[in-house]
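Summary of the model geometry
What follows is each chain in one-letter form.
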Amino acid sequence: MVQPLNFIWAEVPFFRILIWMGVGWLMPTITLHPNGWWLTGILLLPAATLLLLMRIRGHYRYRWLTGLSTGVCLSALVWLNHCIQFSAYRARLPPEFTYDWCLLKVDGLADTSRQKVRLLCRWIVAHPADTSIPYGSILRLESDTSWRAPPPGALIVVHPAQTRRIQNLRNPHAFGSEGNAQNKGLVGRIKAGPQQISVVGRSNEFNLKHQAILLSDRVCQIIYDYLPSREAALSCAILLGQRQGMDEELEQAFAGSGLIHLMAVSGMHVGIFYMMCSWLLLTVLKVPRKSATLGILLLLWAYALLTGLSPSVVRASGMFSLAAAGKLWNRQTSSYNLMSAAAFLQIWFDSRLPAQPGFLLSYAAVLGILFMHPRLFSLCYTRHKWLDKAWELTSLSLSAQWITLPLVLYFFHSFPIYFLPANLLVVPLSGPALIGSLLLCALNFIPPLAQLFAYPLSWLLMGINQLTLWVSALPFAQSTGWYWTLGDGLLAAVFMLLVVLGWLIYHPLARKGAVAVLVIWYCLNLTNRLTQFVGGDFRIY
């Protein structure tokens, strides 16, 4: 029997908008510089259709054609914006050029991993004067570990400064590659020694994100005052998403065991904070519901500010805020529409976000949880309380991992085998660790009490670290070597979606479609391998 979907298309307008925007974002992978004539046709044809339908009496009969024309127009506009934004000035940037000096403004906290200091800066001016790098462009400054990086908002002079253009790669979206940095808006990099860098002042311009980063750095310093270095680094990662203090071994252990999502503040962290605030205001303080809702929203965005306004926190805070506002005005809200509205607003303010792995993984995990988790959880029922909780967490992890699997293999080229037992062991401990880290910061005004509270918290964080290291050290803990192209990733995503539709909603056409996609995928890979073998083509990514 075919089960209906748990949403109606007419009630999720933002979800439909995001689908067409996604089509527009995928089009540049075919060609970044489309022919002007047929791009104009793609824009004008649906626009003319819309104008014609508006003049026809009874045009409501052709509602599907109106929606199709609007969607094609939106996809073409997103495609055109992508082409203009990513190739407007990079073609004019020289591959390598040396300036006598350049003035930069620090735009974030320093990353001290990989035996060097990396700092994102915004380009202001240089000598000799040059317009190949526009004002405000983002560059990455790299130096030795002996250099102490200044805070965000500081003005620094590099003399001499040698800039290098970010080059295009075969797989531009691979995590950690220069192509991935290019998708984040990074136009070039500067390598300089500590003796070449001088701090000359601080910008007077007010920047909310810079203030949020400075506040987050101050909270990290408070945590480091009370906890050992390794446990303090984990506490900062769970509470604030700051991983600058994590050592390489521990960070690889979290990635290899499928627990890296604990170190990126997202919906789980915001949800725990939301429930804690709700319990405090509604149950303990007995605040009226409307006043409590407003107070929860203020505390929620204060926490988002504390974490540095990262995209995943903004997404989760936006979704919770829209849901709380709907309940406040007694409006029925669709979770799919809330998620899509939050994504639309984020993309509206920063159109580079859909090219970033964190953004895609965050929304894919939420979509998997909304769509798969209720159906997967209903497959097994038990009266035992703890078994029911364990199955709920298991189905939640499986739902998020299934949908994000193509993205994980495409971006990171590896997959954690023991992600399920690792999440069952560690995720229940992450909630108390997050709340304990918040309480430790609140008790900073009473140092003896904070020092006393730090002992059980450090033992809890140490247990999380040891469990993660143990799971990552198990045999066959990680499957590596998954070097997928964009076509492989898209076919895998379609296959995963059809499997869900076929085996959870019992749609017969979806099952046949999944088998057909798998056969096409296998034939394309076999053809590619035979072509490389016959032609003697050897590629290194």
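Residues numbered from 1 in each chain as written. Predicted model: local features only at pLDDT ≥ 70, side-chain atom pairs only at ≥ 80, totals over all residues. Heavy atoms only, no water.

Along its length, the chain carries 17 helices and ten strands. Looking at the chain as a whole, 44% of its 541 residues qualify as buried. When contacts within the chain are restricted to residue pairs at least 6 apart in sequence, those whose partners lie at least 24 apart make up 71%. Surface summary for the chain: the accessible area is close to 29,300 Å², and the carbon and sulfur share equals 66%. (Helix = DSSP H or I, 4+ residues; strand = E, 2+ residues; numbered from the N terminus. Buried < 20%, exposed > 50% of the residue type's maximum accessible area, 1.4 Å probe, protein only. Contact = heavy atoms within 4.5 Å. Areas by Shrake-Rupley, 256 points an atom, 1.4 Å probe, with all protein chains shown as cover.)

Another aspect to go through is the packing of aromatic side chains. Taken as a whole and judged by the stated rule, the model has five aromatic pairs. Centre to centre, the rings of Phe 273 and Tyr 303 are 4.7 Å apart; their planes meet at 15 degrees, and the pair counts as stacked. Of this pair, Phe 273 sits in helix α8 (residues 267-284) while Tyr 303 sits in helix α9 (residues 289-306), placing them 30 residues apart in sequence. Tyr 303 matches Phe 273 in its accessibility class, with the two residues each being buried. The interplanar angle of 50 degrees and the centroid separation of 4.8 Å between the aromatic rings of Phe 359 and Tyr 363 together place this pair among those described as tilted. Taken together, the residues span about one helical turn, with Phe 359 and Tyr 363 both in helix α12 (residues 357-377) at a distance of four residues. The class for Phe 359 is buried, based on a relative accessible area of 8%. If you follow Arg 375 out to its NZ or CZ, it ends over the ring of Phe 371, 4.8 Å from the centre. (Phe/Tyr/Trp six-rings, centres within 6.5 Å; stacked < 30°, edge-to-face > 60°. Lys NZ or Arg CZ within 6 Å of the ring centre and 35° of its normal.)

Before going further, it helps to examine the pairing of strand β3 (residues 117-127). Each regular strand displays side chains that alternate between the two surfaces of the sheet. Strand direction decides the pairing type here: strand β2 (residues 101-106) and β3, joined by six bridges, are antiparallel. By the bridge assignment, Val 106 is partnered in β3 with Cys 121. Looking at chain direction, β3 and strand β4 (residues 138-143) are connected through six bridges and run antiparallel. For Arg 122, the partnering residue across the bridge sits in β4 and is Ile 138. (Pairing = 2+ DSSP bridges.)

Let us now look at unusual backbone geometry. Following His 159, the chain continues into Pro 160 via a peptide bond in cis, with omega recorded as -15 degrees. On the secondary structure map, Pro 160 appears in the loop between β5 (154-158) and β6 (161-165). One non-glycine residue with positive phi stands out, namely Lys 286, at about 55 degrees. Tracing the chain through its elements places Lys 286 in the loop between α8 and α9. You can call Lys 286 exposed: its relative accessible area is 63%. You will see that Phe 476, though not glycine, has its phi angle at about 55 degrees, which is positive. Take Phe 476: it is sitting in the loop between α15 (447-472) and β10 (478-480). For Phe 476, a relative accessible area of 72% gives the class exposed.

Another point: the nonpolar core. Burial of nonpolar side chains together is a common tendency in soluble globular proteins. Counting 55 residues, the largest nonpolar core has Val 219, Ile 223, Leu 227, Leu 239, Phe 254, Tyr 303 and Leu 440 as its most contacted members. For this core, the elements supplying multiple residues, two or more each, are α5 (208-226), α6 (229-240), α7 (248-256), α8, α9, α10 (311-328), α14 (419-442) and α15. If we ignore the near neighbours within four places in the chain, the residues touching Tyr 303 are Ile 238, Leu 239, Val 265, His 269, Val 270, Phe 273 and Leu 434. (Core = buried A, V, L, I, M, F, W, Y, C linked by side-chain atoms within 4.5 Å.)

Attention now goes to the confidence of the model for the chain. With 79% of its residues at a pLDDT of 70 or more, the chain has an overall mean of 77. Element-level pLDDT for the chain is lowest in helix α4 (residues 178-183), with a mean of 50, against a maximum mean of 90 in α15. The low-confidence segment residues 88-93, where pLDDT is below 50, has 17 contacts with residues more than four positions distant or belonging to other chains. Across residues 168-173, confidence stays below pLDDT 50; counting only partners more than four residues off in sequence or on other chains, it has 19 contacts. (pLDDT = per-residue confidence, 0-100.)

Looking now at the packing of helix α13 (residues 385-412) against helix α16 (residues 486-504). Where α13 meets α16, the axes come as close as 9 Å, and the angle between the chain directions of the two elements is 170 degrees. On the basis of their axis angle, the class for α13 and α16 is roughly antiparallel. Between α13 and α16, the residues in contact are Trp 402, Leu 405, Pro 406 and Tyr 410 and Leu 486, Gly 489, Ala 492, Ala 493, Met 496, Val 499 and Val 500, respectively. Residues that form the contact of α13 with α16 fall into these classes: ten nonpolar, one polar and no charged. (Axes fitted to C-alpha atoms, helices over the stretch in contact; angles between N-to-C directions. Parallel < 35°, antiparallel > 145°, perpendicular 65-115°, else oblique. Nonpolar A, V, L, I, M, F, W, Y, C, P; charged D, E, K, R; others polar.)

This brings us to the side chain of Ser 143. Relative to the elements of secondary structure, Ser 143 occurs in strand β4. Of note is the side chain of Ser 143, whose polar atom sits 2.9 Å from the backbone oxygen of Ala 192. The residues touching Ser 143, leaving out its near neighbours within four places in the chain, are Lys 116, Val 117, Ala 192, Gly 193, Pro 194 and Ile 197. (Polar contact = N/O pair within 3.5 Å; in protein donor to acceptor, adjacent residues only side chain to side chain.)

Moving on: a nonpolar patch on the surface. Taken together, the side chains of Phe 445, Ile 446, Leu 449, Leu 452, Tyr 455 and Trp 459 present a nonpolar region at the surface, about 770 Å² in accessible area. Among the secondary structure elements, Leu 452 is positioned in helix α15. (Patch = residues over 30% accessible without salt bridge, like charges linked within 9 Å, V, L, I, M, F, W, Y side chains within 5 Å. Salt bridge = Lys/Arg side-chain N within 4 Å of Asp/Glu carboxyl O.)

With that settled, the discussion passes to the side chain of Ser 362. In this structure, Ser 362 sits in helix α12. Apart from the residues within four sequence positions on either side, Ser 362 is in contact with Ser 312 and Arg 315.

Summed over the entire model, instances satisfying the criterion amount to four salt bridges. Between Lys 116 and Glu 142 there is a salt bridge, with its nearest N and O atoms 3.8 Å apart. With Lys 116 in the loop between β2 and β3 and Glu 142 in strand β4, this residue pair connects regions lying 26 residues apart in the sequence. Arg 140 serves as the salt-bridge partner of Glu 142, at 2.9 Å between the closest nitrogen and oxygen. Accessibility assignment for this pair places Glu 142 and Arg 140 in one class, buried. Connected through shared salt-bridge partners, Lys 116, Arg 140 and Glu 142 make up one network.

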